[in-house]
Amino acid sequence: MPGEAQVAVEAVFREERGLLLASLVRRFGDLDLAEEVTSEAIEAALRHWPAEGVPARPGAWLLTTARRKAVDRLRRDQAYAARLAVLRADAERDEAAPVAEMGGVGELPDERLQLFFTCAHPALAAEARTALTLRCLAGLTTPEVARAFLVPTATMAQRIVRAKKKIREARIPFRVPGPDELPERLPGVLQVVYSVFTEGYAASSGPRLQRLDLAEEAVRLARILHRLLPAEREAAGLLALLLLVHARRGARTGPEGEPVLLEDQDRGLWDRAMIEEGRALVVRALTGGPAGPYGVQAAVAALHDEAADVESTDWAQIVALYDVLLTLTPSPVVAVNRAVAVAMRDGPGAGLALLDALGGEPRLRAYVPYAVARGDLLSRLGRGGEAAVAYREALELAGTEPERAALRRKLGEG
């Protein structure tokens, strides 16, 4: 029974922690208090469930227990309760506009959407927004968040404390923005989830190319957002993009963890169920109005996933989609991706010309894929000496050991 209780608590914690935390923040108006009593409720479950059995609705049990602990604390600390009352009054004034009802899970009201927008409020620094989302909605511990950001645990703990203090002192409301605010605020929320996935897809440093734990948490968060905002096409586009890219996870690295290029991947290892789900979401993301950036990127990913091999990929359509993406979100990274697609469509010389034209862009000086792409195109053109220079530039910038090992092999040093 102890093992069963442990497994049950862990499952509830992973699947419903954000739901539980959001409900408590909504009720009491304080993120610190909500986190503390959530942890105390988990500890209580680990004490009681082994002896009494796992309840039929474990999430509801945890919510009830956490609420009681919060009420007990507020009764003991009247000054703290008074401060929370002020925050709650402010929040209620901000909630004058009705918010569409969200679907619930079991007996718990689903208020995670409000927590998403609180954690991703533009008043917070970008790194704080992502850290809070990982801590509160993905359920990562502070040490786990610190590892994701490659900083000491103490540094991350201070960062999270400052972010919570900012929420409290600036009286950032715990609510979904109104219809007039949503178009401005939603991209920030989506960007936070995308940033989590990006670090999981291609780790910035460390012994592994992929951080599958982070990538999978990002997919889970994107699923929650899409479920809570089913009418938002860019939420569908983000989920589609993550699914279509994450579907290739099993083929992206070799036996020793080395990176495997798209053209060399065993497409039989791709997750076809995930690809089909992503393709259906692409249709939803691109239907009913102008395309958004995530929907366009998802369409590019779908073209890759649908092709039998690199040669049969519809590179002309991919170039056209990158043209659209450049109008939506002009960026040197998008321009690099477009140049690589042009190289596949028109030959390495055409792609290299476009990459060289971007050489003065400061943001590309530390961007490993730019140097690697130049090296690969120079190599295809038979310009081995110049390719070696580009690969050495990439080697100096590469953050993970698998990337460095692959570049050393390209240089004949592996």
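Anything mentioned here points back to the structure above.
Cut-offs and rules
Residues numbered from 1 in each chain as written. Predicted model: local features only at pLDDT ≥ 70, side-chain atom pairs only at ≥ 80, totals over all residues. Heavy atoms only, no water. Helix = DSSP H or I, 4+ residues; strand = E, 2+ residues; numbered from the N terminus. Buried < 20%, exposed > 50% of the residue type's maximum accessible area, 1.4 Å probe, protein only. Contact = heavy atoms within 4.5 Å. Areas by Shrake-Rupley, 256 points an atom, 1.4 Å probe, with all protein chains shown as cover. 1 Å grid on protein atoms, 1.4 Å probe; cavity = no way out; pocket = protein on both sides within 12 Å on 5 of 7 lines; lining within 4 Å. Points joined across faces, edges and corners; volume = space filled by probe spheres on them. Nonpolar A, V, L, I, M, F, W, Y, C, P; charged D, E, K, R; others polar. Salt bridge = Lys/Arg side-chain N within 4 Å of Asp/Glu carboxyl O.

Enquirer: Requested: an account of the overall build of the protein, with residues and values cited.
Expert: Scanning the protein for helices and strands turns up 19 helices and 0 strands. A burial count over the protein gives 48% of its 414 residues as buried. Taking as baseline every contact in the protein between residues at least 6 positions apart, the subset at least 24 positions apart corresponds to 64%. For the protein, the accessible surface area stands at approximately 19300 Å², while carbon and sulfur atoms represent 53% of it.

Enquirer: With reference to specific residues and values, describe empty space enclosed by the protein.
Expert: Regions of empty space are outlined by a rolling probe, equal in size to a water molecule, passed over the atoms. Counted under the stated rule, the structure contains 4 cavities of 30 Å³ or more. Around the second largest cavity, the lining residues are F117, T118, H121, P173, R175, P177 and R185. A breakdown of the residues in the lining of the second largest cavity according to their chemical character gives 3 nonpolar, 2 polar and 2 charged.

Enquirer: Provide a residue-level description of the pattern of salt bridges, including the pertinent values.
Expert: Per the stated rule, a full pass over the model turns up 23 salt bridges. The closest approach of N and O atoms between D213 and R211, which form a salt bridge, is 3.0 Å. Put simply, D346 and R345 hold a salt bridge, and the shortest N to O gap is 2.8 Å. Look at D346 and you get partly exposed, because its relative accessible area is 44%. Judged by relative accessible area, R345 falls into the partly exposed class, the value being 39%.

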